[in-house]
Amino acid sequence: MRAAVLRDGRMVLRDDVAEPVPGPGQVLVGVKACGICGSDLHFAQHGHKMVELSAEMKGLPGGDGARLDLSRDVFLGHEFSAEVLDAGPDTDAPAPGTIVTSVPALLTATGVEPIVFSNTTIGGYAERMLLSAPLLLPVPNGLDPRHAALTEPMAVGLHAVNKSAIERGETALVLGCGPVGLAIVAALRHRGVEHVVAADFSPKRRQLADTMGADEILDPAQGSPFDTATPAVVFEAVGMPGIINDVLRQAPAGCRVVVAGVCMEPDTVVPFFGSAKEISVHFVFAYDFTEFGESLRAIAEGEIDVAPLITGEVDLAGVGAAFDELAHPDQHCKVLVAP
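The structure presented is a predicted model; accordingly, all values stated were derived computationally and were not measured.

Conventions used here
Residues numbered from 1 in each chain as written. Predicted model: local features only at pLDDT ≥ 70, side-chain atom pairs only at ≥ 80, totals over all residues. Heavy atoms only, no water. Helix = DSSP H or I, 4+ residues; strand = E, 2+ residues; numbered from the N terminus. Rg over C-alpha atoms; globule rule 2.2 N^0.38 Å. Buried < 20%, exposed > 50% of the residue type's maximum accessible area, 1.4 Å probe, protein only. Contact = heavy atoms within 4.5 Å. Areas by Shrake-Rupley, 256 points an atom, 1.4 Å probe, with all protein chains shown as cover. Lys, Arg positive; Asp, Glu negative; His and termini not counted. Charge placed at Lys NZ, Arg CZ, Asp CG, Glu CD. Pairing = 2+ DSSP bridges. Disulfide = S-S within 2.5 Å. Right-handed = clockwise from strand over helix to strand, strands pointing away. Salt bridge = Lys/Arg side-chain N within 4 Å of Asp/Glu carboxyl O.

A. Up close: the overall build of the protein. Across its full length, the protein holds nine helices and 18 strands. Its C-alpha atoms give the protein a radius of gyration of 20 Å, within 12% of the compact-globule value 20 Å for 339 residues. Within the protein, buried positions represent 52% of all 339 residues. Within the protein, residue pairs in contact and separated by at least 24 positions form 72% of the contacts whose partners lie at least 6 positions apart. Summed over its atoms, the accessible surface of the protein is roughly 14,900 Å², and 53% of this surface lies on carbon and sulfur atoms. In the protein, 23 side chains carry a positive charge and 44 a negative one; their mean positions are 2 Å apart.

B. How the structure looks around the sheet that holds strand β1 (residues 3-7). Taken in spatial order, the three strands line up as β2-β1-β4 in an open sheet, and their pairing is antiparallel. The sheet terminates laterally at β2 (10-14) and β4 (74-75), the two strands that pair on one side only. Here β1 runs beside β4; their pairing, made up of two bridges, is antiparallel. If you follow L6 over to β4, its bridge partner there is V74.

C. Structural view of unusual backbone geometry. Phi is positive for D90, close to 55°, though the residue is something other than glycine. Relative to the helices and strands, D90 resides in the loop between β5 (79-87) and β6 (99-102). Take D90: its relative accessible area is 83%, and that puts it in the exposed class. A positive phi is found at E278, a non-glycine position, where the angle reads about 50°. Its place among the elements puts E278 in the loop between α7 (271-277) and β16 (280-283).

D. Quick look at the state of the cysteines. The final tally for this structure, using the stated rule, is zero disulfides. No disulfide involves C255; its sulfur sits 17 Å from the nearest other cysteine sulfur, which is in C177. The exposure class assigned to C255 is buried, which follows from its relative accessible area of 1%. C263 takes part in no disulfide bond, and the closest cysteine sulfur to it belongs to C37, at a distance of 16 Å.

E. Quick peek at the pairing of strand β12 (residues 195-199). Counting buried positions along β12 gives four out of five residues, so the element sits mostly inside the fold. In the sheet, strand β11 (residues 171-175) pairs with β12 via five bridges, with the strands oriented parallel. Looking at β12, one finds that L173 is bridged to V197. As defined by bridge partners, β12 adjoins strand β13 (residues 216-218) across three bridges and the pair is classed as parallel. Within β13, the position partnered with A199 by the bridge is L218. Handedness of the crossover joining β12 and β13 through helix α5 (residues 203-211) is recorded here as right-handed.

F. Structural context of the pattern of salt bridges. For the structure shown, the criterion picks out 18 salt bridges. Note that D73 is salt-bridged to R14, the shortest N-O span being 3.1 Å. Here D73, found in the loop between α1 (38-56) and β4, pairs with R14, found in strand β2; they are 59 residues apart in sequence, far enough to count as distant. Like R14, D73 is buried.

Next up, the structure:
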């Protein structure tokens, strides 16, 4: 079987991956589409740092990142849709041919295996993979499998919005209009927030923010977004050092800050900025199963149009080149892998 794997920091094509065999409670699926996520790009460049931080971090169940062996091939791909091909023994599963998606996790006899970065659990950059029958969500309404693959990143945005407890009449400022920021913009509009401001240096990303429902789009090169907007909630979706402190410095008193960008480096903040203005800071990550299902429903019923986010499509042989192209934000937003 063919799969694109991470090897020595580069995505390479293998044609000798063993065929996955479903066990009890599992299904074999043929991947229809899989989005390339920013976390995949970051892992390709900084995998060693991510493994080190995962090993150092306490208080989180699992710690699977610490078990990764970067001297071996790593399977990736967690934004996927797929077709059910077969089911394991004693498994109640959708009929073969059913198009499905799932939260990226595989239930095994030894526990839960995240379908994110793994030496052994095959992800969506492959022709076929295993999924868990209890976690499957059939794709409704004849939704294009390419669009269904964006359920996962859109759920990330919905989770951030839900955690913010933003109300319709409040102003939201979204800093960073990459895939996470755009998902937040779409979720804010879906929730009926009446004033959504989005800021990004990239003209292409600002245009996409406008398409996804932002009321105002700002270029930070032309002045601070805080000179134009007085937000009740700021969504930080950049993930670079210095951003959180700058938000604390400029945000209005009583503001809520939701940190959706994932910064992997040490970052310095001046607590006085937040204390003096009583700013609340909430870090968010991923989503829950309900939010995943809600995102699929919203896409399938046409409440959120994800088609504009798809700016490219490659086969398994083109994954490496796509990783290189996605390093330039003015070229692409979301590239799909279609095995």
